[in-house]
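# Examination of the molecular architecture
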Amino acid sequence: ASTLVTYKGVSRSLWNTRYDAHVSTHVSDGPVKNVFLGSFDNSHSAARAYDLGRISLGCRDDEELNFPVTHYTDDLQMLEELSIEEI
């Protein structure tokens, strides 16, 4: 069971006090791969980790992120050079 979290890519189990961030990668002819990004003390930090993971996969659409992509302007160049495993 999990508690209701309002951010995309963020979950928290009822028995856990930390928030988990995870992102799904879509390979053209392969299966969807779920990537665990880490556990965080608060949902906001986990939501930012999700956004950074999505941005590193090429997402620039505010509708698919928790916060506007403009919040990550300083991080965009670095993120484009990293793979999802390096985040």
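These notes cover the structure that comes with them. The numbering scheme is per chain: residues are counted from 1 as the chain's sequence reads. Only residues with pLDDT of at least 70 are given local features in this predicted model, and only at 80 or more are side-chain atom pairs given and counted; all residues enter the totals for whole chains, interfaces and linings. In computing side-chain properties, one takes all heavy atoms of the structure into account and sets aside hydrogens as well as water.

Our next topic: the sheet that holds strand S1 (residues 10-11). Pairing is antiparallel in the open sheet, where three strands are placed in the order S1-S2-S3. Only two strands of the sheet have a single partner each, and these edge strands are S1 and strand S3 (32-40). Pairing between strands requires that DSSP locate at least two bridges from one strand to the other. Comment: elements are numbered from the N terminus, with helices defined as DSSP H or I runs of at least four residues and strands as E runs of at least two. Relative to strand S2 (residues 19-26), S1 is paired through two bridges, and the arrangement is antiparallel. Considered in S2, the bridge of serine 11 is made with aspartate 20. Contacts from helix H1 (residues 43-56) reach S1, S2 and S3 within the one sheet, and its direction differs from that of S2 by about 15°. For this analysis, residues touch if any pair of their heavy atoms sits within 4.5 Å. Only the stretch in contact is used when fitting a helix axis, every axis being a line fitted to C-alpha atoms; angles between N-to-C directions are given from 0 to 180 degrees.

A ring pair, where both rings are aromatic, is described by two values, the distance of the centres and the angle of the planes. Two rings from Phe, Tyr or Trp (for Trp, the six-membered ring) form a pair when their centres are within 6.5 Å of each other. A pair whose planes differ by under 30 degrees is stacked, one over 60 is edge-to-face, and the rest are tilted. The final tally for this structure, using the stated rule, is one aromatic pair. Between tyrosine 7 and phenylalanine 67, the ring centres sit 5.5 Å apart and the planes meet at 55°, which makes this aromatic pair tilted. On the criterion of sequence distance, the pair formed by tyrosine 7 in the segment before S1 and phenylalanine 67 in the loop between H1 and helix H2 (76-80) is long-range, its members being 60 residues apart. Using a 1.4 Å probe on the protein chains alone, a residue whose accessible area is under 20% of its type maximum counts as buried, one over 50% counts as exposed, and one in between counts as partly exposed. For tyrosine 7, a relative accessible area of 22% translates into the label partly exposed. Relative accessible area serves as the criterion here: at 12%, phenylalanine 67 is assigned to the buried category.

Moving on to the pattern of salt bridges. Throughout this description, the term salt bridge denotes a Lys or Arg side-chain nitrogen within 4 Å of a carboxyl oxygen of Asp or Glu. Considering all chains together, one arrives at two salt bridges under this definition. With a shortest N-O distance of 2.4 Å, aspartate 41 and arginine 18 are connected by a salt bridge. Placement of aspartate 41 in the loop between S3 and H1 and of arginine 18 in the loop between S1 and S2 is noted, with a sequence separation of 23 residues between them. By relative accessible area, which is 31% here, arginine 18 ends up partly exposed.

Everything listed here is a matter of coordinates, which is why it stays silent on function.
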